[in-house]
Amino acid sequence: MSARVTVAVNVRGEHAGERIRRVWVITGTGCGSLGCARLRVRRALGAGREATVWLAARRSGVYEGRGSFFVALRCLGRVDRHGSRVPYTLSLWVTRSVFVGSIRYATAIGARYLNRSRTDMTRCPLGPSHDAGVYTGTLRSALPAPPPSSGTTTTTVTLTSPTGTSPATTTTAPPATNTTPGPAPTTPNADAPPGA
């Protein structure tokens, strides 16, 4: 994923306008011919950290969910690895897609990360702290072959971002005979350390 930090208030190592690259891995559940009911998004946060969030389908090709992660804070000469909790909202939408057989695959997506405030679990006052960012990702790997006309199959497609160091996104869809309703499978917070 290629991202731009849009807001950064009192977030160490981050500033508005900064451009970052992150790896997202996406797995769909409750998938049918037109999409998945939910997405599991595992996001790289930088500095070797990861966070996982579930997104629910809001309408065709649009997903949203809430999650949180912790960042370290230094207080009185001591580093608390869980010094601040960062709650956020992640929205994701399909901007381009194609059909392979009866299954629709996203070939480009957009996303928005929003953190409105952060808690301080140390004795040192943190003060107002929040951040936000926008993301884009494009399918770079080959699409899967059309599924056979009969039988049961599971198709996996690997997606990579247009920039960055080997970013990849994976979406798994069930067989074409599954008729569970839902929006399109998506390609995709990752966050700038230690936020958007």
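Residues numbered from 1 in each chain as written. Predicted model: local features only at pLDDT ≥ 70, side-chain atom pairs only at ≥ 80, totals over all residues. Heavy atoms only, no water.

A. Layout of the sheet that holds strand 2 (residues 19-21). Overall, antiparallel pairing links the nine strands, which are arranged 2-1-9-8-7-6-5-4-3 in an open sheet. With partners counted over all chains shown, the strands left at the sheet margins are strand 2 and strand 3 (24-31), one partner each. Neighbour-to-neighbour, the strand axes of this sheet turn through a mean angle of 25 degrees, independent of strand direction. Where strand 1 (residues 2-9) meets strand 9 (residues 130-138), seven bridges bridge the pair, whose relative direction is antiparallel. Each bridged residue has a counterpart across the sheet, and for Ala3 the counterpart in strand 9 is Tyr135. (Pairing = 2+ DSSP bridges. Helix = DSSP H or I, 4+ residues; strand = E, 2+ residues; numbered from the N terminus. Axes fitted to C-alpha atoms, helices over the stretch in contact; angles between N-to-C directions.)

B. Representation of the side chain of Thr122. Among the structural elements, Thr122 can be located in the loop between strand 8 (103-115) and strand 9. Here the side chain of Thr122 touches Asp120 through a polar contact of 2.8 Å, side chain to side chain. Of the polar contacts made by the side chain of Thr122, one reaches the backbone oxygen of Cys124; its length is 3.2 Å. Leave out the neighbours within four places in its chain, and Thr122 touches Leu73, Cys75, Asp80 and Gly83. (Polar contact = N/O pair within 3.5 Å; in protein donor to acceptor, adjacent residues only side chain to side chain. Contact = heavy atoms within 4.5 Å.)

C. Focus on unusual backbone geometry. Despite not being glycine, Asn10 has its phi angle at roughly 55 degrees, a positive value. Here Asn10 is to be found in the loop between strand 1 and strand 2. Look at Asn10 and you get partly exposed, because its relative accessible area is 42%. Here the phi dihedral of Leu76 falls at roughly 55 degrees; this positive angle occurs in a residue that is not glycine. (Buried < 20%, exposed > 50% of the residue type's maximum accessible area, 1.4 Å probe, protein only.)

D. Focus on the packing of aromatic side chains. For the structure on display, the rule yields three aromatic pairs. Considering the side-chain rings of Phe69 and Tyr88, the 5.8 Å spacing of their centres and the 50 degrees angle between planes classify their relative orientation as tilted. In this pair, Phe69 is assigned in strand 6 (residues 62-75) and Tyr88 in strand 7 (residues 78-100), connecting sequence segments 19 residues apart. Ring plane angle 40 degrees and centroid distance 5.5 Å describe the contact between Tyr88 and Tyr113, whose orientation is recorded as tilted. You can see Tyr88 sitting in strand 7 and its partner Tyr113 sitting in strand 8, a full 25 residues away along the chain. What makes Tyr88 buried here is its relative accessible area of 3%. Given the relative accessible area of 0%, Tyr113 is considered buried. Taken together through their ring pairs, the aromatic side chains of Phe69, Tyr88 and Tyr113 make up a single cluster. (Phe/Tyr/Trp six-rings, centres within 6.5 Å; stacked < 30°, edge-to-face > 60°.)

E. How the structure looks around the confidence of the model for the protein. For the protein, per-residue confidence averages 79 on the pLDDT scale, and 76% of positions sit at 70 or higher. Per-element confidence in the protein is highest for strand 1, whose mean pLDDT is 96, and lowest for strand 11 (residues 169-173), whose mean pLDDT is 40. (pLDDT = per-residue confidence, 0-100.)

F. Molecular detail of the pattern of salt bridges. In this structure the tally under the stated criterion is two salt bridges. Put simply, Arg42 and Glu50 hold a salt bridge, and the shortest N to O gap is 3.4 Å. Residue classification places Arg42 among the partly exposed residues on the basis of a relative accessible area of 30%. Owing to a relative accessible area of 54%, Glu50 belongs among the exposed residues under this scheme. (Salt bridge = Lys/Arg side-chain N within 4 Å of Asp/Glu carboxyl O.)

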